[in-house]
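Chains, contacts and geometry: an overview
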Amino acid sequence: MRQALILAQRGAAAGEVPVGAVLVRDGSVLAKGWNRPIGSRDPTAHAEVVCLREAGALTGNYRLADTTLYVTLEPCLMCVGAMVHARVARLVYAADDPKSGAVKTVCRGFDLPGLNHRVEIRSGVLAQECGDILREFFRRRRA
């Protein structure tokens, strides 16, 4: 999660909402991503999607079984869907997202009926630090 936090800071420095993601398989980092929708003019360029795209390109496969995705903020519904399609095994995220969190806060995207894959979930890892960087980013933006 600390690596994801560093990536979130990289995004903040570029003017993006500070969210970072790291995908791990067998204890090794497979791919990394941070939010890039503003700079790339791509509404789907969330940290999770950027990370999953990189991993798919590196492995030559869109199925990313037996991986763990570490993210600094609770994923949105789009990112939840991407994780299901990629067959990510585990999600570990830090801070809850009261506006668009689709794991447990706004809705429970992984619990939708008909999904053919289940993702193991752990939340709250480094929640304070990851939440602080987001709060500071938006505080500066409003100032």
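Details of the structure are given in the entry above.
Not measured: the values here are computed from a predicted model. Numbering of residues starts from 1 in every chain and runs along the sequence as written. Reporting of local features is limited, given that this is a predicted model, to residues whose pLDDT is at least 70; pairs of side-chain atoms are given and counted only at 80 or more, and all residues count toward the totals for whole chains, interfaces and linings. Each side-chain value is derived from all of the structure's non-hydrogen atoms; neither hydrogens nor water enter the calculation.

Whenever Lys or Arg places a side-chain nitrogen within 4 Å of a carboxyl oxygen from Asp or Glu, that contact is recorded as a salt bridge. Summed over all chains, the structure comprises 6 salt bridges. Across the salt bridge formed by glutamate 129 and arginine 2, the nearest N and O atoms sit 3.5 Å from each other. Here the residue glutamate 129 occupies a position in helix H5 (residues 127–142), and arginine 2 occupies one in helix H1 (residues 2–13), the gap between them amounting to 127 residues. The closest approach of N and O atoms between arginine 53 and aspartate 42, which form a salt bridge, is 3.4 Å. We count a stretch as a helix when DSSP gives it H or I for four or more residues in a row; a strand needs E for two or more, and each element gets its number in order from the N terminus.

With respect to the element layout, asparagine 35 can be found in the loop between strand E2 (28–34) and helix H2 (37–40). Classification of asparagine 35 by relative accessible area gives buried; the value is 8%. Within polar-contact distance, the side chain of asparagine 35 engages the backbone oxygen of valine 17 at 3.2 Å. Separated by 2.8 Å, the side chain of asparagine 35 and the backbone nitrogen of alanine 47 make a polar contact. In what follows, a contact means two residues having at least one pair of non-hydrogen atoms within 4.5 Å. In contact with asparagine 35, other than residues within four places in its own chain, are Glu16, Val17, Val19, Ala45, His46 and Ala47. Buried, partly exposed and exposed residues are distinguished by accessible area as a fraction of the type maximum, computed with a 1.4 Å probe on protein chains only: under 20%, between the cut-offs, and over 50%, respectively. Polar contacts, as counted here, are pairs of nitrogen or oxygen atoms within 3.5 Å of one another; within protein the pair requires one atom able to donate a hydrogen and one able to accept it, and residues that are adjacent in sequence qualify only if both atoms are side-chain atoms.

Turning to the pairing of strand E3 (residues 67–73), a few remarks are in order. Within E3, 6 of the 7 residues are buried, leaving the element largely enclosed by the surrounding structure. Pairing between strands requires that DSSP locate at least two bridges from one strand to the other. Note that strand E1 (residues 20–25) and E3 share 5 bridges and pair antiparallel. Bridge pairing in E3 links leucine 23 to leucine 69. Judged from the 5 bridges that link them, E3 and strand E4 (residues 90–95) form a sheet pairing that is parallel. Residue tyrosine 70 lies in a different strand from E4, and its bridge partner there is valine 92. Place the viewer so that the strands point away; then a crossover is right-handed whenever the path from the first strand over the helix to the second strand goes clockwise. Once you follow E3 into helix H4 (residues 77–86) and on to E4, the crossover reads as right-handed.

In this section: the sheet that holds strand E5 (residues 120–123). Strands belonging to one sheet form pairs held by backbone hydrogen bonds; the direction of such a pair is parallel or antiparallel. The strand order E2-E1-E3-E4-E5 describes an open sheet built from 5 strands, whose pairing is mixed. Across the chains shown, the open sheet's two edge strands, defined by having one partner strand only, are E2 and E5. The sheet shows a mean angle of 15° between the axes of neighbouring strands, taken without regard to direction. Axes, fitted as lines to C-alpha atoms, cover a helix only where it is in contact. Angles between the N-to-C directions of the axes lie from 0 to 180 degrees.

With that out of the way, let us pick up the packing of aromatic side chains. Two measures describe an aromatic ring pair: the distance that separates the ring centres and the angle between the ring planes. Note on ring pairs: Phe, Tyr and Trp rings are taken, using the six-membered ring of Trp, and paired if centres are within 6.5 Å. Classes follow the plane angle, with under 30 degrees stacked, over 60 edge-to-face and the rest tilted. Applying the stated criterion to the full structure yields 1 aromatic pair. Consider the rings of phenylalanine 137 and phenylalanine 138, whose centres lie 5.1 Å apart with planes at 85°: the pair is edge-to-face. Judged by relative accessible area, which is 6%, phenylalanine 137 ranks as buried. Sitting above the plane of the tryptophan 34 ring, arginine 36 keeps its charged end 3.8 Å from the centroid. Either the NZ atom of lysine or the CZ atom of arginine qualifies as a charge over a ring when it sits within 6 Å of the ring centre and within 35 degrees of the ring normal.

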